[in-house]
Amino acid sequence: MTGTVARSETPVLRAPRSLNHIAYPTWDSQRTHDFYTQVLKCPFLAAIQLDVVPSSGERTPYLHTFFGLSDGGAIAFFEVDGLPGAKPDGIPSWIRHIALNVDSMEELHAWKAHFEACGVEVNGIVDHDGVWESLYVFDPNGVRIELTLQTRDLTDADAAEGAAALRAWNERKA
C-alpha cells in the first residue's frame, strides 16, 4: 500500500447521541453542592477553577462544578467572580427548566416525599397529556427542575399532531 492514504468515511450526521452536561450560573457553589449532592442525590464529579476562559481567552476567574446523573450526563454550574445577581427578565419561571427522567411512579412519589422532608417546596405530581407525570422544584439558584416519568413513547402520530400544532401556531401569529 505505497503512496495511498486510507480515508475514513464521512459520518452521517444525526441528532447528538446524548446530553453531556448543561450549565447554569450559581452565586454560591457550596450551597449548590449541598443541594445537588444531598437533596437531588447527584454525585459530585469534578470542579475546575481557572482564571481564563479556554474557549474565549477572556480573563474571568471562575469555578465550574459538575454533578452526575445516572445515565452519565451531568448538571454543571459556573460561579464567576463579580457575576451580577440574577435579574428578572420577564420570562416566566416555568419556561426555563431541566427535565430529568425517573423510572417509575413509585420513584416519583418517593422523590416528592424526599423533597418535602428536606423542606423543598414541591409542585405536582402533574399529568401532562397522558405522556408525562412530573413534579417540580427549584434549586438554590432558581433553576426549575422537573422530575418526570414518561408513561409512553412518542409516536409518529404525536409528531404529526405536533407538526399540525406548529403550522396552526404560525398561522395564528401571521
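Everything discussed here concerns the structure shown above.
Because the structure is predicted, anything quoted here is derived from the model rather than measured.

1. Details of the sheet that holds strand S3 (residues 59-68)
Item 1. Pairing is mixed across the open sheet formed by four strands, whose spatial order is S1-S4-S3-S2. The open sheet terminates on both sides in strands that have one partner only, identified here as strand S1 (21-25) and strand S2 (44-52). Strand-to-strand twist of the sheet, defined as the mean angle between neighbouring strand axes without regard to direction, takes the value 20 degrees.
Item 2. Pairing of S2 with S3 involves seven bridges; the strand directions are antiparallel. Bridged to alanine 47 within S3 is threonine 65.

2. Some remarks on helix H3 (residues 156-173)
Item 1. The terminal C-alpha atoms of H3 lie 26 Å apart, and with 18 residues this matches the ideal 26 Å at 1.5 Å per residue to within 8%.
Item 2. Where H3 starts, the residue carrying a side-chain oxygen 3.2 Å from the main-chain nitrogen of alanine 157 turns out to be threonine 155.

3. Remarks on the pairing of strand S6 (residues 123-128)
Item 1. Note that S6 and strand S7 (residues 132-138) share five bridges and pair antiparallel. In the strand pairing of S7, glycine 124 is matched with leucine 135.
Item 2. Here S6 folds back onto S7 in antiparallel fashion, the turn holding three residues, of which aspartate 129 has a positive phi close to 60 degrees.

4. Things to note about the packing of aromatic side chains
Item 1. Scanning the entire structure with this criterion turns up eight aromatic pairs.
Item 2. Residues tyrosine 36 and phenylalanine 77 carry aromatic rings whose centres are separated by 5.0 Å and whose planes lie at 50 degrees to one another, so their mutual orientation is tilted. Of this pair, tyrosine 36 sits in helix H1 (residues 29-39) while phenylalanine 77 is found in strand S4 (residues 74-80), placing the two residues 41 residues apart along the sequence.
Item 3. Between phenylalanine 44 and phenylalanine 67, the aromatic rings sit 5.5 Å apart at their centres with planes inclined by 55 degrees, giving tilted as the arrangement. Pair noted here: phenylalanine 44 is in strand S2 and phenylalanine 67 is in strand S3, with a separation of 23 residues, a long-range link.
Item 4. Under the relative-accessibility criterion, phenylalanine 44 is labelled partly exposed at 40%.
Item 5. Taken together, the ring pairs in this structure connect Tyr24, Phe35, Tyr36, Phe44, Phe67 and Phe77 into an aromatic cluster.
Item 6. Above the ring of tyrosine 136, the side-chain terminus of arginine 144 is found at 4.1 Å from the ring centroid.

5. Considering the nonpolar core
Item 1. Formed by 23 residues in total, the largest nonpolar core has its most connected members in Tyr36, Leu40, Phe115, Ile145 and Leu147.
Item 2. For this core, the secondary-structure elements that each account for two or more residues are H1, S4, strand S5 (97-101), helix H2 (105-117), S7 and strand S8 (144-150).
Item 3. With residues up to four places along the chain from it excluded, the contact list for phenylalanine 115 reads Val39, Leu40, Val120, Val122, Leu135, Val137 and Leu147.

6. Re a nonpolar patch on the surface
Item 1. Taken together, the side chains of Ile91, Trp94 and Ile95 present a nonpolar region at the surface, about 310 Å² in accessible area.
Item 2. By the element assignment, isoleucine 95 lies in the loop between S4 and S5.

7. Notes on the pattern of salt bridges
Item 1. Per the stated rule, a full pass over the model turns up three salt bridges.
Item 2. With a shortest N-O distance of 2.8 Å, aspartate 89 and arginine 96 are connected by a salt bridge.
Item 3. Judged by relative accessible area, aspartate 89 falls into the partly exposed class, the value being 45%.
Item 4. Of the charged contacts in the structure, one is a salt bridge between aspartate 158 and arginine 152, with a shortest N-O distance of 2.8 Å.
Item 5. For arginine 152, a relative accessible area of 34% translates into the label partly exposed.

Rules and cut-offs
Residues numbered from 1 in each chain as written. Predicted model: local features only at pLDDT ≥ 70, side-chain atom pairs only at ≥ 80, totals over all residues. Heavy atoms only, no water. Pairing = 2+ DSSP bridges. Helix = DSSP H or I, 4+ residues; strand = E, 2+ residues; numbered from the N terminus. Axes fitted to C-alpha atoms, helices over the stretch in contact; angles between N-to-C directions. Expected span 1.5 Å × (residues − 1). Polar contact = N/O pair within 3.5 Å; in protein donor to acceptor, adjacent residues only side chain to side chain. Phe/Tyr/Trp six-rings, centres within 6.5 Å; stacked < 30°, edge-to-face > 60°. Buried < 20%, exposed > 50% of the residue type's maximum accessible area, 1.4 Å probe, protein only. Lys NZ or Arg CZ within 6 Å of the ring centre and 35° of its normal. Core = buried A, V, L, I, M, F, W, Y, C linked by side-chain atoms within 4.5 Å. Contact = heavy atoms within 4.5 Å. Patch = residues over 30% accessible without salt bridge, like charges linked within 9 Å, V, L, I, M, F, W, Y side chains within 5 Å. Areas by Shrake-Rupley, 256 points an atom, 1.4 Å probe, with all protein chains shown as cover. Salt bridge = Lys/Arg side-chain N within 4 Å of Asp/Glu carboxyl O.

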